[in-house]
Amino acid sequence: MLRTHTCGELRKKHVGETVTLSGWVRRVRDLGGLVFIDLRDRYGVTQVVVEPQNKDSFNVAKKLNSQDVIQVNGTVRPRPEDMVNPELATGEIEVLVSEIWVLNESKTPPFPIEDETKASEETRLRWRFLDLRRPVMQKNIILKHKFMQAVRNFLSQEGFIEIETPFLTKSTPEGARDFIVPSRIYPGKFYALPQSPQLYKQILMVSGFDRYFQIVRCFRDEDLRADRQPEFTQIDLEMSFVDVDDVLSLVERMMKQVLGEVMGIDIEIPFMRLSYHEAIRRFGIDKPDLRFGMELEDLTEHFKDTDFRVLKSVVVDGGKVVGIKVPVSISRKEIDELTEFVKKQGAGGLLWFKFDNGKLSGQLSKYVKFSPEGAGTYLIIADKAPKVFKIAGLLRLEVAKKYDLIEKGLKFLWIVDFPLYEINEETGELEPAHHMFTHPKEEHIKFLDSDPLKVIAKQYDLVLNGVELASGSIRVHNRQLQEKIMEKIGFTKERMESRFGFLLEALEYGAPPHGGIAVGFDRFVAIFAGRETIRDVIPFPKTTKAQALFEGAPSSVDEAQLRELHIKIIHEENENGKETQEEKEIR
């Protein structure tokens, strides 16, 4: 056997036993008369000792390097009292080596294989197989596994069936861009990698599997953002014969059981609920962090008769004056920094005044007609809605971070009653606020023709500490209603049939009322692992430029492969407007 125990297993009860351990050398301490080796695997660290009278093993031990893979035979013995290490689970014992073998040598790693490292993220991702050997990274991946098992157990107990849906599917690029996959057998035709199992899980409801779930990989060829991945994992579930309250209740119970089982955290349910419009009015954002106050205040009425021309012109023009009451005194230099921040968000500027139990000072003090309690600074933005609420919401979060006003704890929140449609700021056209398969509130269906922007959808998002954890909705289960919703965003009958004919057909064969949700699993794990980026809980993530540095992807492929797939690479002209010789050869 290569090992009888792991490196985190031995305790005082094993004293006197002969054991075999295998692992990686963390550190070697040659003290002349003795060689101490910290031997590590994913379970922990055990100190092994080699004495000089054991000449062969002693000579091997003196030549060991960090990350060499070794196997040792030896006897467990107690450590001297003054050498007990309370920080290690195995800190009361050590193994006196009788035999030692080097199973494989290691080159010098490009960075220390320890929790704390100064290596850049690019270096860590280039050497990901070493980065994953660090205990903190292994802890993250193991935590993800535990969450995954707990979710599976809960949903199985609730009568859900885990069903796999295809990775090679039909391209329906109505949201983010699809990753497309060429077909060798059908030249000129393509599969797409799924952005989500949305359509398949709806079909499964029509098929009579009334409770489906899947911990599934999804793929989106999105423009790059700081903490997005082109492939990611979500907890996907769908239920038949349910309405909004049923889905929300199930997810709340899942969060309570899973967090209790894995983290030992007891959360209170049900979670607070806010409508989309109320969230925007109070926090300026549809995923507010409730761990601090400073709700947005509509001060328009206070300044409607003001002599301050900037505010007066905004109010006369139908705009809003929005304030944030910050419970700290902010210096003029810091005001200038915050002014630059809001300007970058699109504001014209930032107004302010200070208060101390009714005593006002600063820029707007002589124009203020109310007396705030306590002491602090009012920050004020004036502009058209909804722009002014959005900028104020970003400012609220910036101030909370800057002045360390965010309390510890977990603040779950449901955002409900989203609009079904919104106006695309770039095109000015109507588009779904969520996706086109979301069911409107029954009493709002009548507005589809007369005032579609008035329609409220049965959509809901789960927010935790300002992070959107999950999004879902009750789905449309009637073909006529589904076609009407598509029609309002410019779909012709031909386009409906071409893109979604298989779904529309299924809706005509006894589709039950149904709804579901998808939880961003990587985000969820990152929060409870205490990591700032989801890349730290994904074994082999891409960089922010969507590159896989360890494997070297994306990469070129052989010309023979391209010919088999009937693909030709067309290169853009170089600066001189001509192809290079290399480009000609490739073409």
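Moving on, we come to the overall build of the protein chain. For the protein chain, the count of helices and strands is 16 helices and 22 strands. Across its three principal axes, the protein chain shows a C-alpha extent of roughly 95 × 75 × 65 Å. Of the roughly 30,900 Å² that the protein chain leaves accessible, carbon and sulfur atoms contribute 49%.

The next subject is the sheet that holds strand β14 (residues 351-356). Where strands meet in a sheet, backbone hydrogen bonds hold them as pairs that are either parallel or antiparallel. Taken in spatial order, the five strands make up an open sheet running β12-β13-β16-β14-β15, and their pairing is antiparallel. Across the chains shown, the open sheet's two edge strands, defined by having one partner strand only, are β12 (297-298) and β15 (359-361). With two bridges joining them, β12 and strand β13 (residues 320-326) adopt antiparallel strand pairing. Looking across to β13, one finds that Glu297 is bridged to Gly323. The strands that helix α9 (residues 332-344) touches are β14 and β16 (375-383); relative to β16, the one it contacts most, it runs at about 30°.

This brings us to empty space enclosed by the protein. Counted by the stated rule, this structure contains three cavities of 30 Å³ or more. Taken as a whole, the largest cavity spans an internal volume of roughly 50 Å³. For the largest cavity, the full set of lining residues is Leu125, Arg128, Phe540, Pro541, Lys542, Ala548, Leu549, Phe550 and Glu551. Split into classes, the residues belonging to the lining of the largest cavity amount to six nonpolar, no polar and three charged. Roughly 40 Å³ of internal volume is contained in the second largest cavity. With three residues, the top contributor of residues to the lining of the second largest cavity is helix α6 (residues 244-263).

To continue, consider the environment of Ala385. By the secondary structure assignment, Ala385 is in the loop between β16 and α10 (387-402). Considered as a pair, Ala385 and Val60 are 325 residues apart in the sequence and their alpha carbons are 74 Å apart.

Approximately 400 Å³ is the volume attributed to the second largest pocket. Lining of the second largest pocket is provided by 18 residues; of these, Arg40, Asp41, Gly44, Val45 and Pro135 occupy positions nearest its centre. Listed by contribution, the elements that provide at least two residues to the lining of the second largest pocket are β1 (18-30), β2 (35-41), β3 (44-50) and α4 (135-157). Among the residues making up the lining of the second largest pocket, the classes are represented as seven nonpolar, three polar and eight charged.

As paired strands, β1 and strand β4 (residues 69-78) are joined by seven bridges and run antiparallel to one another. Bridge pairing in β4 places Gly23 opposite Ile70. Pairing of β1 with β2, which is carried by six bridges, proceeds in the antiparallel orientation. Bridge assignment links Val28 to a residue of β2, and that residue is Ile37. The hairpin turn running from β1 into β2, its antiparallel successor, is four residues long, and Gly32 in that turn takes a positive phi close to 85°.

Let us look at the pattern of salt bridges. Using the criterion set out here, one finds 43 salt bridges in the structure. Linking Arg40 and Glu114 is a salt bridge whose minimum nitrogen-to-oxygen distance equals 3.6 Å. Pair noted here: Arg40 is in strand β2 and Glu114 is in the loop between β5 (93-104) and α2 (121-126), with a separation of 74 residues, a long-range link. Here Asp298 ties to Lys320 by a salt bridge, and the two come within 3.2 Å at their closest N and O atoms. Remark: Lys320 occurs in strand β13 and Asp298 occurs in strand β12; sequence separation between them is 22 residues. In this structure Asp298 comes out as partly exposed when scored by relative accessible area, which is 41%. Via salt bridges that share partners, Arg124, Arg128, Asp131, Arg134, Arg531 and Asp536 belong to a single interconnected network.

For the protein chain, per-residue confidence averages 94 on the pLDDT scale, and 97% of positions sit at 70 or higher. Across residues 582-587 the pLDDT falls below 50, and counting only partners more than four positions away or on other chains, this stretch makes seven contacts in the model.

Moving on, we get to helix α7 (residues 276-283). All of the buried residues in α7 are Ala279, Ile280, Arg282 and Phe283. Close packing links the buried residues of α7 with β11 (272-275), α10 and β17 (412-416). Immediately beyond the C-terminal end of α7, within one or two residues, lies Gly284, with a positive phi of roughly 75°.

The subject of this paragraph is α10. With 16 residues, α10 should reach 22 Å at 1.5 Å per residue; the first-to-last C-alpha distance of 23 Å fits that figure. Among all positions of α10, only Val388, Phe389, Ile391, Ala392, Gly393, Leu395, Arg396, Val399 and Ala400 are buried. Buried residues along α10 sit against α7, β13, α9 and β16. Asp404 lies just past α10 and shows a positive phi near 55°.

With that settled, consider unusual backbone geometry. With an omega dihedral of 5°, the bond running from Ala385 to Pro386 counts as a cis peptide bond. Residue position: Pro386 is located in the loop between β16 and α10. Following Ala553, the chain continues into Pro554 via a peptide bond in cis, with omega recorded as 0°. Relative to the helices and strands, Pro554 is located in the loop between α14 (521-529) and α15 (559-564).

Rules used in this analysis
- Residues numbered from 1 in each chain as written.
- Predicted model: local features only at pLDDT ≥ 70, side-chain atom pairs only at ≥ 80, totals over all residues.
- Heavy atoms only, no water.
- Helix = DSSP H or I, 4+ residues; strand = E, 2+ residues; numbered from the N terminus.
- Areas by Shrake-Rupley, 256 points an atom, 1.4 Å probe, with all protein chains shown as cover.
- Pairing = 2+ DSSP bridges.
- Contact = heavy atoms within 4.5 Å.
- Axes fitted to C-alpha atoms, helices over the stretch in contact; angles between N-to-C directions.
- 1 Å grid on protein atoms, 1.4 Å probe; cavity = no way out; pocket = protein on both sides within 12 Å on 5 of 7 lines; lining within 4 Å.
- Points joined across faces, edges and corners; volume = space filled by probe spheres on them.
- Nonpolar A, V, L, I, M, F, W, Y, C, P; charged D, E, K, R; others polar.
- Salt bridge = Lys/Arg side-chain N within 4 Å of Asp/Glu carboxyl O.
- Buried < 20%, exposed > 50% of the residue type's maximum accessible area, 1.4 Å probe, protein only.
- pLDDT = per-residue confidence, 0-100.
- Expected span 1.5 Å × (residues − 1).

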